[in-house]
Structures are given as C-alpha cells and as structure tokens.
Amino acid sequence: PVSRRGRRGRGGAARSRGGGERDETAAEGPQGGAQLGVLRDAGCILATAMLVDAAWSGDWSRIGAISVATEGKLKLLSGAVAAERLALVWFLSSENAAAGDPKTEKVGPWTLAKALLGGTLCVLSALKQAK
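To start, this report covers the structure provided alongside it.

Cut-off values and rules
Starting from 1, residues in each chain are numbered consecutively following that chain's sequence as written. Given that the model is predicted, a residue must reach a pLDDT of at least 70 before its local features are reported, and side-chain atom pairs must reach 80 or more before they are shown or counted; all residues, however, enter totals for whole chains, interfaces and linings. With hydrogens and water stripped out, all remaining heavy atoms of the structure feed into the side-chain values. Numbering of helices and strands runs from the N terminus, with a helix taken as a DSSP run of H or I at least four residues long and a strand as a DSSP run of E at least two residues long. Exposure categories follow from relative accessible area, calculated using a 1.4 Å probe and restricted to protein chains: below 20% of the type maximum is buried, above 50% is exposed, and the middle band is partly exposed. Distance and chemistry together define a polar contact, namely a pair of N or O atoms within 3.5 Å, with one atom able to donate a hydrogen and the other to accept it when in protein, and with adjacent residues in sequence counting only for side-chain atoms on both sides. Working rule for contacts: check all heavy atoms of both residues, and any pair within 4.5 Å makes them a contact. Each reported salt bridge corresponds to a side-chain nitrogen of Lys or Arg within 4 Å of a carboxyl oxygen of Asp or Glu. Buried residues of nine kinds, namely Ala, Val, Leu, Ile, Met, Phe, Trp, Tyr and Cys, make up a nonpolar core once their side-chain atoms join them within 4.5 Å. The patches described consist of residues with a relative accessible area above 30% and no salt bridge, like charges being joined within 9 Å and nonpolar side chains (Val, Leu, Ile, Met, Phe, Trp, Tyr) within 5 Å. In these tables, accessible area is a Shrake-Rupley quantity obtained with a 1.4 Å probe, and a residue counts as shielded only by the protein chains included in the view.

1. Brief notes about the side chain of Thr-48
Here's step 1: Its location among the elements puts Thr-48 in helix 2 (residues 30–56).
Here's step 2: Looking at Thr-48, the relative accessible area reads 16%, which means it is buried.
Here's step 3: One polar contact links the side chain of Thr-48 to the main-chain carbonyl oxygen of Leu-117, over a distance of 3.4 Å.
Here's step 4: In this structure, Thr-48 is in contact with Arg-85 and Leu-117, ignoring residues within four places of it in sequence.

Encoded structure:
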C-alpha cells in the first residue's frame, strides 16, 4: 500500500508494530503539553550552553562575530546567570531540608538538575507538573 507521503510500505509489517493507523489527535491532549514542556526546557538549556560558549570560548571574538567588549559583557551575564542558578538550587534544596523526611521531598533531583542547567523557567514548569 501507498503511505500518505507517497512511498510504498511493507504491507502488514508496519501495522503489526504500530497497531494500525496513527492517532492524529495524540499531540493535542495532555501529551502535547508535555512535548511543549520538553521543547521549552531544551531551549532553555541550549540558550545557557550558547551563552557560556559565546562568553568563555573566545572563538566568536576571534572570528569577529562579536567584539571583545561584548564577550566581556557576556562573561558578566553568564556569571549573573550562574549565581541565579546556584541560588535557585540552594533555595530548592533548603525546601527539601525543611520537609525533613526524605520520602516527602518537595523537589526531586531532576528538578534540581533543571534548575542548574535550565534556570527558573524549567523549574517553574517542573513544579507546575508536580502539583
């Protein structure tokens, strides 16, 4: 049979794995929101990696994409971002310590990792999902 993209399929082999036609509404329900959350978190982490690369690698100023002065400002910005992230991790860890019992942690290790790598936006989405 011909698929939607116009290529010939392998008959029943494709059906046996997937169980028939794909559900086109799968991305609209709760899973769609989760997919957007993953994309948002990945975007935050990527933006952090780009900031650190632009500020500290020296490659961008060497090839002339940014000036040395801009690189210096990016170093200050990345320092401020690092301070914000560490303060966020400390705050969330202190929330766990205040809870007392490790079984009733308010914030899990994945949320702490998101706080360090992705920042406030990632943590807010993780805390919202935890409720």
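2. Details of the pattern of salt bridges
Here's step 1: All chains considered together, the criterion is met by 3 salt bridges.
Here's step 2: For the salt bridge of Asp-41 with Lys-114, the shortest nitrogen-to-oxygen distance reads 3.0 Å. Here Lys-114 lies in helix 5 (residues 109–117) and Asp-41 lies in helix 2, a separation of 73 residues in the sequence.
Here's step 3: You can call Asp-41 buried: its relative accessible area is 9%.
Here's step 4: The partly exposed category is assigned to Lys-114, whose relative accessible area is 24%.
Here's step 5: Residues Asp-59 and Arg-62 are paired through a salt bridge, measuring 2.5 Å at the closest nitrogen-oxygen approach. Taken together, the residues Asp-59 and Arg-62, both in helix 3 (residues 59–62) and 3 residues apart, mark about one turn of the helix.
Here's step 6: Here Asp-59 falls in the partly exposed class, since its relative accessible area comes to 34%.

3. What to know about the side chain of Arg-85
Here's step 1: With respect to the element layout, Arg-85 can be found in helix 4 (residues 68–99).
Here's step 2: In this structure the side chain of Arg-85 is engaged in a polar contact, spanning 3.2 Å, whose partner is the backbone oxygen of Leu-117.
Here's step 3: Setting aside its immediate chain neighbours within four residues, Arg-85 contacts Thr-48, Ala-115, Leu-116, Leu-117, Gly-118 and Gly-119.

4. Some thoughts on the nonpolar core
Here's step 1: Listed in full, the 7 residues of the largest apolar core are Leu-88, Val-89, Leu-92, Val-107, Leu-112, Ala-115 and Val-123.
Here's step 2: Broken down by secondary-structure element, the contributors of at least two residues to this core are helix 4 and helix 5.
Here's step 3: With 3 residues, the single largest contributor to this core is helix 4.
Here's step 4: With residues up to four places along the chain from it excluded, the contact list for Val-89 reads Leu-112, Ala-115 and Leu-116.

5. A closer look at a nonpolar patch on the surface
Here's step 1: A cluster of nonpolar side chains, Ile-45, Leu-86, Leu-116 and Leu-117, forms an exposed patch at the surface whose accessible area comes to about 360 Å².
Here's step 2: As for its position among the elements, Leu-86 is in helix 4.

6. Considerations on the environment of Lys-114
Here's step 1: As a C-alpha pair, Lys-114 and Cys-44 span 70 residues in sequence and 9.4 Å in three-dimensional space.
Here's step 2: With residues up to four places along the chain from it excluded, the contact list for Lys-114 reads Asp-41, Gly-119, Cys-122, Val-123 and Ala-126.
Here's step 3: At a separation of 3.0 Å, a polar atom in the side chain of Lys-114 contacts the side chain of Asp-41.

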